[in-house]
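In case you want the letters, here they are:
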Amino acid sequence: MNHLSLLSSRDNIIANNAENNRNPRLVYQSVTTAVYQLPLEDKGIKVILDRNSSDEQIIRKLLHEQYVSNFLPSSCRKRRVIDITSFERQPALTFKWDSGITVNDWIHIARIGPRVDLNVRIRAAMAIAKTLSDFHDGGVVYNRLTPENIVLEPVSSDFVATFIDFSGAIIYEEDNRFNVDAQFERQAKILDLKRLGLVLNDLLGGEEGALANLALDDGGGGESGTRSDPDSDRRKRGKHSTGAEGLPLYLASLISTLLKGKDGSTSSELFCYEYASSKDVYLDLKVLVESNSDSCLRKFNKLDGSAIMSQMRLHKGMFYGRQVQMSMLSTLCQLVFSTDKPLLAMVSGPSGAGKSTLANQIKKPFVDKGGYFIRGKFEKADRPDSVLSSALDSFFGKLIEADTTHVHQSTKWNIRDSIGNASGFIPNLQKWLAEEKDNHTEGIPLLPSKKKAAISSIRLKFLFCKIIGAIACKAHPVILFLDDLQWADEMTLDIIRMMMIDPDIHHFLFLGSYRENEVNGSHPLTKKLHDIKEQGTKIVTIKVGQIERECVNTLLSETLCIPPSLCQPLSTVVHNKCCGIILFIWKFLAYLHDEGLLLFSMTHRQWLYDLDKIRLEQIHQDVVLHITKHMIRHVSKRMQMGLKFAACLGPCFDGTVLEMAMKGDNSDAGGVAERAKATLEFCVNNGFFREVGPNRYVWAHDKIQQAAYDLIPLPKRDTFHLFVGSRIFINASPSELKDMIYIVVDNMNIGSKLIESKDQRHDAASLNFQAGEESLQASAFHSAAIFFMTGISFLEDESWETNYSLTIGLYDAASEALVVTGDFSKLSILIEKPLAKARSFEDKLNTYNNLIRSLAASSRYKEGIAMCLDILAQLGEAIPNDITADIYRDEALQVKQLWKGKSMDMLSLPPMTDPKKLAAMQFMNHAVIMTYSFNPMLNPILVFRMVSLSTLHGMTNLSCFAFACYGALLVSEPSCDIEEGHSMGRVATEIMHMLGAREDVESVFRAMASCANISDVRCPELVIFVLKMTPRVCTIVYGFINIYKEPWQACLSKHLEAYESGASVGDIEYAITNLYQRNNTANDCGEKLSTLSQHYEECAKRAFQHNLMTLWRSSVIKHQLILDLMGIEQNAFAPYDSGATEESCFASARQSKEISVCRLICMTRKYLAFFKGDFDTAGAVYELSQEYSIYSIGRQTIILVTMFIDGLIALYLARKHRKEETKWADIGFRMLESMKNWMKHSTWNFSNKCFLLEAEYSFLKEDHKRAIYCYNASIASARDNHFIHEEGLAEEKLAFYLLHERCHKDALDHLYNAKKCYESWGAHALVKNLDKAVAIAASGFS
């Protein structure tokens, strides 16, 4: 019922009582007072009907009311007295009539009419408290506060309250004429507050009933007279009931406090808080109106223990303070929708400060806008390397549950395009993608595998980045929130670093949180954040400390349903003791309740507390741990035992596991189930656990778990853990054990010292083996290594005889895991036993394989190559270490004879099945890769042997790589057999395609599975194992072979395809190598420099992201060349290392003897100096570059172009320095001859270069006619074959030749042509140089 209807109802009552509105009408009469209304004049008349008082006394009373009215500020809602007059021959007071309705009438109508909403009544109560507060602020105690003396008037959606009777009002200012003492003033205010309580009780209780009336000895008087209370004689002071069913506790506390006042007593010895002023009452009601808080208006139909304790829990979604931090996060959430670059923010603060809650506040609004929120949490005692995959698995699980396939279809396509079939390490992702099958591997039927092969850590990092990049887009940006990063593992931290610089990741925010008191300057997180900053990523730091005292007061007010003013004393003490840390506050409140210092009074319907005793409480620095321990000590022994079991199950566990742990050999199953259920319910009700799913529980905080764990005496912990693990192991079925394997093994491993019998140690080793394999499948490599190494620790020396299969399996698995994690120091110790005790040389091969991988990863190439040669000798493939010309010739001849006339027939060769030959191919492959840069003379011999093995013993996945390398050797010196080399390249690519399409693919896979140590053939991991050759083969075929036969422009798309292929299977090094080769080839084809600049920058970022430093440096060096050609003064190294330059890079490379880097810098410097016309510098760099000769398996386009530029430099210097003409002319002639030879096989790529070299050579020999012909032929060929930059170069060279011949007009035309070409190329620095030449030519022509 609204305000206006109440008002109209009251007017109807008045109208029915008055026959004539023109005459004064009586609206109120009591024994002592009559009030009339003059409707036409908007006035009222008050007449005192006191026969015992003289007129003079009556006039004094009326004058007092007039004085009080005039004394009060005009802003007060008061009866405005006009004058003292007479009415019907009696003294009277005229006043301005106030529109509205008295509270008494308002309550009456509310009780007999429609129900009035509680919020409306609260607003009316607030108006009354506001007017009383204004009276007190104005120096007046009202002293007659009753429903009859208050007029309510609706204003908009609120009320104003006017007090209309001043007969009992007291002015208490110090200088007033009444000289009221302070004690009387206080008592009078208390009486006002009590009466306010009565009024609010009647008003707010409404039809639900009042709290109660207190017997007030106020002496009567006023228009309302003395309240009638027939039960007052029966009610003892301080024993009155203050309970009203259905009234919110907040209001019950407020009214009950007002009714008690300072002199009110309770049956409790606890602190009975009081209101200091009516203004506090007004403010508390205002808080209730403005906040509209559900917790403040909470009603309890039945007040019992569970209802009361529910208030003491930290409810999900409750949030206090943090406005600044929330503003920062909200801004980031808005930015992620519009910003292309990844964003990073770190939330730091002490334990329990609310970091997680802060981050969770942005989840709903972000998701509502279409964003994806992915959350993971690290635990101190759990496996950190599984957190990221678990977070993504949970995210995709929710997508499956939501059944929004049509909404996320584009996301599915993006993920498939990014990672292909490599989704097995995230089960729910694989399930989600399988909803619509898309077979990407033609011709290869993929059978389910029982055991997955471990993917490499490099590939895993790449896949995580690709998944995030595929999910995040403008329509669906991603926030990845990882909590408690102080416990994160190195690999996850590196993935975060990689995500921040991944050029494919857009609209992405990484949000991390950590405990700042647990992270110092040497912590891995600190170091990684420093690395991220060095990469150029800005980190937004959000500090979360203690919440403000006002927020603590709000928290307590909403929790205890006590008005804020009444909470102030308690909140001040709690804030000081708990340092404003929100979790500490919750636990401290629970502790105070347990100690009886904070109790709910059913009588008064409010919380009471003993403030003095609370002040004396000594709180440990670790509040949560201290208080939780105290709380746990008070529970029953049986419940404590349940907590001990739960503490050993990890941060998150299933209720079934707890039941198994509590189940003894002869225990009644039903009784155990009931005890486990009771334990879980108790822990949830007391805030120890949170239920996060059906029968799934998580500890509310790691400190709470620690407190429960501390119940186990330190000397008995090993025994208890072993007891828990053994119980679950015994009670679990095999299928259940698979899901509980980590809990079983973790507990058993802690008690490992107590496992003595051989059978038990064998079981423990087997369980660790199983846990390690599960970890490998989840790509948790560090955890897998720990399980395998622990399993090995259970083995005795005699296990090599008694349990050989388990023993060799554990050692092989451990060595594999240690290689993946990069723990090479442990690996070097581990391998000693299998190498010494394995039953056969074949059983040692896997150990050798992992050892060599570790040596290659550590750049210990010399040792790795030596070991490969030794193993190959034992496999029957002895290879000489010192290679002579005779050895090279003999090896090359043998291979050539094997392949003579039947290169394409090799496609019909059967698969290789001999295990020794398969192993030999594997170790030769390792050696080829290591010798490429370390021992280039040995490299061709290894390639020859791999080709021979494939020819004589059948094909393997490595055969295509071997044939590609052989083709690269054939096209290079000294053979220069381009046709045969090109044919070998075709064979390599055909074999690569054949492995995915041939009918006997299963036999091929079975043979390769043996070599790859994979038990199941045709599994997805083996497909990846085969397809991994694609980027390697493409690197060789399209980077080293086909460039002699096919247009260079045709190779660009092949390199991009190889990049995508390598990226999808995790061969990141060769994937980015193809990207780098593509950019180099595009540069040599004259791709627009602005586009090329972006490509090199992207390639550099990817290489840096994956720590491929040689590729990174190479890309940055080439990017610097492009920037210089464009005339952009920018240091390409600066985004990665502000102090690095090309010069410092060159100095560092020379010192560390990185020949390839030194050679590349010489090439780019020589290239730039030549194009800018600084031939002396170009010549000097040429001389320097001879220190870094090319001993590689072949040449890329960059080498071929460098030889072309070298020839032009040499021919110019031969003309300029006649004393050294022979030297330079010979160099130029050699380059010309090479170009002529290559031009026989590809006029497209080499004709323009060959013609330009011949033109310059004719210039040197002063053959004018031949020179002019060759210059023009070079220009035409470059134009026809789309080498825009070399067309410009030929135009420029012809122009300078014509200037030499004094043909200035023709020279000027060709300079303009050169300028247009360079402008089209984007080489603005060269255009600027040509402007000078144009000026010279123009002046000569004029």
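Being a predicted model, the structure only gives us computed values, none of them experimental. (Residues numbered from 1 in each chain as written. Predicted model: local features only at pLDDT ≥ 70, side-chain atom pairs only at ≥ 80, totals over all residues. Heavy atoms only, no water.)

Quick look at the side chain of R1102
And step 1. Counting through the fold element by element, R1102 comes out in helix α47 (residues 1089-1105).
And step 2. Only 3.2 Å separates the side chain of R1102 from the side chain of Y1059, close enough to count as a polar contact.
And step 3. Discounting residues that sit within four places of it in the chain, R1102 has contacts with D502, P503, D504, Y1059, I1072 and L1075. (Helix = DSSP H or I, 4+ residues; strand = E, 2+ residues; numbered from the N terminus. Polar contact = N/O pair within 3.5 Å; in protein donor to acceptor, adjacent residues only side chain to side chain. Contact = heavy atoms within 4.5 Å.)

So, the confidence of the model for the protein
And step 1. A residue-level look at the protein finds 84% of positions with pLDDT of 70 or above and a mean pLDDT of 82.
And step 2. Across residues 1-21, where pLDDT falls below 50, the model places 29 contacts with residues more than four positions away in sequence or in other chains.
And step 3. This stretch, residues 437-454, has a pLDDT under 50; its non-local contacts, to residues over four places away or in other chains, come to 37 contacts. (pLDDT = per-residue confidence, 0-100.)

Some words on the pairing of strand β16 (residues 598-601)
And step 1. One ladder, built from four bridges, connects β16 with strand β17 (residues 606-609); its direction is antiparallel. Within the sheet, the bridge partner assigned to F600 lies in β17 and is W607.
And step 2. Count of turn residues in the β16/β17 antiparallel hairpin: four residues, of which R605 carries a positive phi of about 55 degrees. (Pairing = 2+ DSSP bridges.)

Description of the packing of aromatic side chains
What describes a pair of aromatic rings is the distance from one ring centre to the other and the angle between the planes of the rings.
And step 1. In the structure shown here, the tally under the stated rule is 53 aromatic pairs.
And step 2. Summarising the aromatic geometry, the rings of F396 and W432 are spaced 5.4 Å apart at their centres and angled 35 degrees between planes, so their arrangement reads as tilted. Placement of F396 in helix α12 (residues 387-402) and of W432 in helix α14 (residues 427-433) is noted, with a sequence separation of 36 residues between them. This pair shows no difference in class: F396 is buried, exactly as W432 is.
And step 3. Grouped by ring-pair contacts, the aromatic residues Y1167, F1170, F1171, F1175, Y1212, Y1318 and W1321 constitute a single cluster.
And step 4. Across the ring face of F95, the terminal group of R79 is positioned such that the distance to the ring centre comes to 3.9 Å.
And step 5. Above the plane of the ring of Y282 lies K130, whose end atom (NZ or CZ) is 6.0 Å from the centre. (Phe/Tyr/Trp six-rings, centres within 6.5 Å; stacked < 30°, edge-to-face > 60°. Buried < 20%, exposed > 50% of the residue type's maximum accessible area, 1.4 Å probe, protein only. Lys NZ or Arg CZ within 6 Å of the ring centre and 35° of its normal.)

Some points on the sheet that holds strand β13 (residues 478-483)
And step 1. Read from one edge of the open sheet, five strands run β12-β13-β14-β11-β15, paired in parallel fashion. Two strands lie at the open edges of the sheet, namely β12 (372-377) and β15 (539-543), each paired on one side alone. Ignoring strand direction, the axes of neighbouring strands in this sheet form an average angle of 15 degrees.
And step 2. Sheet topology note: the β13/strand β14 (residues 508-515) ladder contains five bridges and is parallel. Bridge pairing in β14 links F481 to L511.
And step 3. Against the sheet, helix α9 (residues 323-338) contacts β11 (343-349), β13, β14 and β15, and its axis sits at roughly 150 degrees relative to β15. (Axes fitted to C-alpha atoms, helices over the stretch in contact; angles between N-to-C directions.)

So, unusual backbone geometry
And step 1. Within the chain, D484 stands out as a residue other than glycine whose phi angle is a positive 60 degrees.
And step 2. Of note, D484 is situated in the loop between β13 and α16 (490-501).
And step 3. Classification of D484 as buried rests on a relative accessible area of 3%.
And step 4. A positive phi angle, near 55 degrees, is found at C561, a position not held by glycine.
And step 5. Secondary-structure assignment places C561 in the loop between α18 (549-560) and α19 (564-578).

Here's the deal with the sheet that holds strand β8 (residues 150-155)
And step 1. As summarised here, the arrangement of the three strands in space is β6-β8-β9, forming an open sheet in which the pairing is antiparallel. Each edge of the sheet is formed by a strand with only one pairing partner; in this case those strands are β6 (101-102) and β9 (158-163).
And step 2. Looking at chain direction, β6 and β8 are connected through two bridges and run antiparallel. In the sheet register, I101 faces β8, and the bridge partner there is L152.
And step 3. Helix α4 (residues 118-137) contacts β8 and β9 of the sheet and is inclined by roughly 40 degrees relative to β9.

Remarks on the pattern of salt bridges
And step 1. Under the criterion given, the structure shown has 58 salt bridges.
And step 2. With a closest N to O distance of 3.3 Å, R60 and E56 form a salt bridge. Within this pair, R60 and its partner E56 are both found in helix α2 (residues 55-71), separated by four residues, close to a single helical turn. Per residue, the accessibility class of R60 equals that of E56, and both read exposed.
And step 3. The shortest N-O distance in the salt bridge between R1279 and E1287 comes to 3.2 Å.
And step 4. Here the residues in one salt-bridge network are R375, K377, D483, D484, R515, E518 and D702, joined through shared partners. (Salt bridge = Lys/Arg side-chain N within 4 Å of Asp/Glu carboxyl O.)

With respect to the packing of helix α32 (residues 804-821) against helix α35 (residues 841-857)
And step 1. At their nearest, the axes of α32 and α35 sit 9 Å apart, and the two run at 15 degrees to each other. Comparing the axis directions of α32 and α35 gives the class roughly parallel. Where α32 crosses over α35, the handedness of that crossing is left-handed. Residues Y804, I808, D812, S815, E816, V819 and V820 of α32 touch α35, and the partners they reach there are D843, N846, T847, N850 and R853. (Parallel < 35°, antiparallel > 145°, perpendicular 65-115°, else oblique. Left-handed = near helix turned anticlockwise from the far one by under 90°.)

Here we look at helix α37 (residues 885-899)
And step 1. In this model, α37 (15 residues) spans 21 Å end to end at C-alpha, consistent with the 21 Å of a helix rising 1.5 Å per residue.
And step 2. Every buried residue belonging to α37 is among Y888, E891, V895 and W899, and all of these are buried. Buried residues of α37 fall within an arc of 75 degrees about the axis and therefore sit on the same side. Among the exposed residues of α37, those oriented more than 90 degrees off its buried face are A885 and Q897.
And step 3. Taken together, the buried residues of α37 touch α39 (939-953), α40 (959-971) and α41 (978-994). (Expected span 1.5 Å × (residues − 1). Arc of directions from axis to C-beta.)

Here's the deal with the packing of α41 against helix α44 (residues 1029-1041)
And step 1. Running from amino to carboxyl end, α41 crosses α44 at an angle of 160 degrees, the nearest separation of the two axes being 10 Å. Classified by the angle their axes make, α41 and α44 are roughly antiparallel. Regarding α41 and α44, the two cross each other, and that crossing is left-handed. Of the residues in α44, those touching α41 at G981, H982, G985, A988, T989 and M992 are M1029, T1030, V1033, V1037, Y1038 and I1041.
And step 2. Of the residues belonging to the contact of α41 with α44, the class tally is seven nonpolar, five polar and no charged. (Nonpolar A, V, L, I, M, F, W, Y, C, P; charged D, E, K, R; others polar.)

Examining the environment of I887
And step 1. Looking at the element boundaries, I887 is found in helix α37.
And step 2. Separated by 54 residues in the primary sequence, I887 and I941 have C-alpha atoms spaced 8.5 Å apart.
And step 3. In contact with I887, not counting residues within four places along its chain, are P880, D882 and I941.

Description of the pairing of strand β2 (residues 33-38)
And step 1. With six of its six residues buried, β2 lies for the most part within the structure.
And step 2. Along β2, one buried face is formed by T33, V35 and Q37 and the opposite face, lined by A34, Y36 and L38, is buried too.
And step 3. In this structure, strand β1 (residues 25-29) lies alongside β2, joined through four bridges in antiparallel fashion. Across the sheet, the residue bridging to L26 is Y36, located in β2.
And step 4. Note: β2 against strand β3 (residues 43-48), six bridges, orientation antiparallel.

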